[in-house]
Structure formats: C-alpha cells, structure tokens
Amino acid sequence: MNADRDDERYRDILKKIAEASPFGSKRRELQPLTPQDRALDRINAVDALAQLSRRDYKRARCYGPKSLRGSAWSAAVVWYHKAGYHGYQTLYLLGVWAHYDSDQMLLSIAERHLPYRAPVYDAGVYRVAIQNSFNLYYDDAGGPPGAADKLLHRCPYQDKERLAQRQTLKDIVSQWQRKLETS
C-alpha cells in the first residue's frame, strides 16, 4: 500500500516538474490581441520575416523575428549588423508595423538604422544578448518608422486586400534578402 502511494507521489512530482517553467523565468501572461496584432497576423508578417534569419550571410549576422508592441502600434521585426568586430556600431532593422494615422490603420514596411548607444562594448556579451533583443544596446523600442527612416512601403490596411499586401511584403523581404547576400 505504501509503495503504491509512493509511486503515485513520484509520478505526480515528475508531472509537476515537466509542466513547470525553467527556474527563474517569469510566467508569460498572454495579452489579448489588438487590431494591429491581428492585421500583422493576417498578412503573415512574422513568418515572412523569419526566412531572413534562418540563412547564413557572408557579411552580416541576422536575428529575429520578434513581435513588438507599443500603445498604438504593433510590429514584426528582424535585425542585422555587419560581420566583423566593428559591425555592432550600426544595427539595421527591417520591420512591418501596423499603426494608426488619424482613424485609419496603416501598414508600414521600413528599414531603420540604429546607432550603438551602450557606454561600453564587450563582444562576448553582445554576441549572446543581440540574438534575443536589440533594445539594450541600441536604446530603441522598435516603434514605427519616422522621417529619418527608409520607408519601403506604406498602405492602409484593409482585410479584403490582405493577400495583395502579403505578396508585397514577401517581395520586399526577397529584395532585402538579396541585398544581404550581396552586401
């Protein structure tokens, strides 16, 4: 009788261990999707950008994609820097943003250049940290493109036009990939 209870307790402990998150990690609370999140999902933004970071480039290191969110915008972004010791000085961000202008939701596809902002540079720490996020070293939340950024495409989001918008995104990503391969 005791052996059965011990076996049951042992299985219960193993089950709890398997279901638990890694030690020290925060529990991830799912936030409800915003209209901007749904728009990016409908044009398949994250998957379109994911192909960029799956490849190896001779002269660049590419990371992401990552979904970002602000108070009135959502984005899917990838980032890269040039290979080599001084490549960290400028980070290139390619993203798709869903944001509002007045009462209309816009989709913006843009390339942003972010200068390095941290006070010191440690190549080993940077190499590990940049794989997950760029915020720490470039002091940027990844918000929608501004006047200084290179706007590649902007259009109003319309659900009935999502397939055409998806194709436009795919074409721009292909052009950007060729740019990475040749630069």
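Refer to the structure presented above.
Here's what I pulled together on the structure shown here. (Residues numbered from 1 in each chain as written. Predicted model: local features only at pLDDT ≥ 70, side-chain atom pairs only at ≥ 80, totals over all residues. Heavy atoms only, no water.)

This part covers the side chain of His-99. Locating His-99 in the fold gives a position in strand β3 (residues 90-101). Polar side-chain contacts of His-99 include one of 2.7 Å to the side chain of Ser-108. Apart from the residues within four sequence positions on either side, His-99 is in contact with Ala-72, Trp-73, Gln-104, Met-105, Leu-106, Ser-108, Pro-144 and Arg-154. (Helix = DSSP H or I, 4+ residues; strand = E, 2+ residues; numbered from the N terminus. Polar contact = N/O pair within 3.5 Å; in protein donor to acceptor, adjacent residues only side chain to side chain. Contact = heavy atoms within 4.5 Å.)

Let us look at the pairing of strand β2 (residues 73-82). Within β2, nine of the 10 residues are buried, leaving the element largely enclosed by the surrounding structure. Inspection of the sheet shows strand β1 (residues 60-69) paired to β2 by eight bridges, in the antiparallel sense. For Ser-67, the partnering residue across the bridge sits in β2 and is Ala-76. Where β1 folds back on β2, the antiparallel hairpin that results is connected by three residues. Direction of pairing for β2 relative to β3: antiparallel, over a ladder of eight bridges. For Tyr-80, the partnering residue across the bridge sits in β3 and is Tyr-92. (Buried < 20%, exposed > 50% of the residue type's maximum accessible area, 1.4 Å probe, protein only. Pairing = 2+ DSSP bridges.)

So, on to the pattern of salt bridges. Applying the stated rule across the entire model yields six salt bridges. Asp-159 serves as the salt-bridge partner of Arg-42, at 3.0 Å between the closest nitrogen and oxygen. Residue Arg-42 is located in helix α2 (residues 35-42), and its partner Asp-159 is located in the loop between β5 (150-156) and α6 (162-182); the two are separated by 117 residues in the primary sequence. Taking relative accessible area as the criterion, Asp-159 reaches 40% and is therefore assigned partly exposed. With its nearest N and O atoms 2.8 Å apart, the salt bridge here joins Arg-112 to Asp-140. Residue Arg-112 is located in strand β4 (residues 104-115), and its partner Asp-140 is located in the loop between α5 (135-138) and β5; the two are separated by 28 residues in the primary sequence. For Arg-112, a relative accessible area of 9% gives the class buried. (Salt bridge = Lys/Arg side-chain N within 4 Å of Asp/Glu carboxyl O.)

Relative to the 30 Å expected for 21 residues at 1.5 Å per residue, α6 spans 30 Å between its end C-alpha atoms, a close match to the ideal helical length. Of the residues making up α6, those classed as buried are Gln-165, Leu-169, Ile-172, Val-173, Trp-176, Gln-177 and Leu-180. For α6, the arc enclosing every buried residue in end-on projection is 145°, short of the 170-degree limit, so these residues lie on one face. Exposed side chains of α6 directed beyond 90 degrees from the buried face belong to Leu-163 and Thr-182. (Expected span 1.5 Å × (residues − 1). Arc of directions from axis to C-beta.)

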